[in-house]
Amino acid sequence: MNMKRSNKPIFWSLFGAGGMLAALFGPVLVFITGIAVPLGLGASKDAMSYQNVLALAQSGLGKLALFLVITLFLFHGCHRMYHFVHDFGVHVSPAMKAAFHGFAALGSLAALVLLIRVG
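A few points on the structure. All values derive from a computational prediction rather than experimental measurement. (Residues numbered from 1 in each chain as written. Predicted model: local features only at pLDDT ≥ 70, side-chain atom pairs only at ≥ 80, totals over all residues. Heavy atoms only, no water.)

**Considering the side chain of His79**
On the secondary structure map, His79 appears in helix α3 (residues 60-87). Leaving out residues up to four positions away in the same chain, His79 has contacts with Phe11, Trp12, Phe15 and His101. (Helix = DSSP H or I, 4+ residues; strand = E, 2+ residues; numbered from the N terminus. Contact = heavy atoms within 4.5 Å.)

Structure below.
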């Protein structure tokens, strides 16, 4: 029996992981960076200062966390947009699928390069 191989499990797993991360950490990130720190609720206003964020981006664990958040959010969002276009009746060609997932891959690569260059 000759079965055709599919790349769907790869993209669905990235979509699922990104969705879980977005659901669990997205609201917390919005609250901390958009509400709590600017208003001084539970954290000093300089908690998100350039020096502190740079220190996060320079540490190994910080780089990993930032890379995972950026990459998985990108893949989740692009995969969701791909299916959104399909649900509206637009025939999504392989080129469009490659464009959606390619954008996520290029964004992930850019995040990796920039995080490596931070030091």
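**A word on α3**
Because an α-helix packs 3.6 residues into every turn, residues spaced three or four apart end up facing the same way. In a regular helix each residue adds 1.5 Å, so 28 residues correspond to 40 Å; α3 covers 40 Å between its end C-alpha atoms and thus fits that length. Within the span of α3, buried status applies to Gly62, Lys63, Thr71, Leu72, Phe75, His76, Cys78, His79, Tyr82 and Val85. Gly89 sits one or two positions beyond α3 and adopts a positive phi of about 90°. (Expected span 1.5 Å × (residues − 1). Buried < 20%, exposed > 50% of the residue type's maximum accessible area, 1.4 Å probe, protein only.)

**As for the packing of helix α1 (residues 8-39) against α3**
Viewed as axis vectors pointing N to C, α1 and α3 meet at an angle of 115°, and their least axial separation amounts to 7 Å. As for how α1 packs across α3, the hand of that crossing is left-handed. In this structure, α1 uses Phe11, Trp12, Leu14, Phe15, Ala17, Gly18, Gly19, Leu21, Ala22, Gly26 and Leu29 to contact α3, whose residues at the interface are Leu68, Val69, Leu72, Phe73, Phe75, His76, His79, Arg80 and His83. Of the residues in the contact of α1 with α3, the class split is 13 nonpolar, six polar and one charged. (Axes fitted to C-alpha atoms, helices over the stretch in contact; angles between N-to-C directions. Left-handed = near helix turned anticlockwise from the far one by under 90°. Nonpolar A, V, L, I, M, F, W, Y, C, P; charged D, E, K, R; others polar.)

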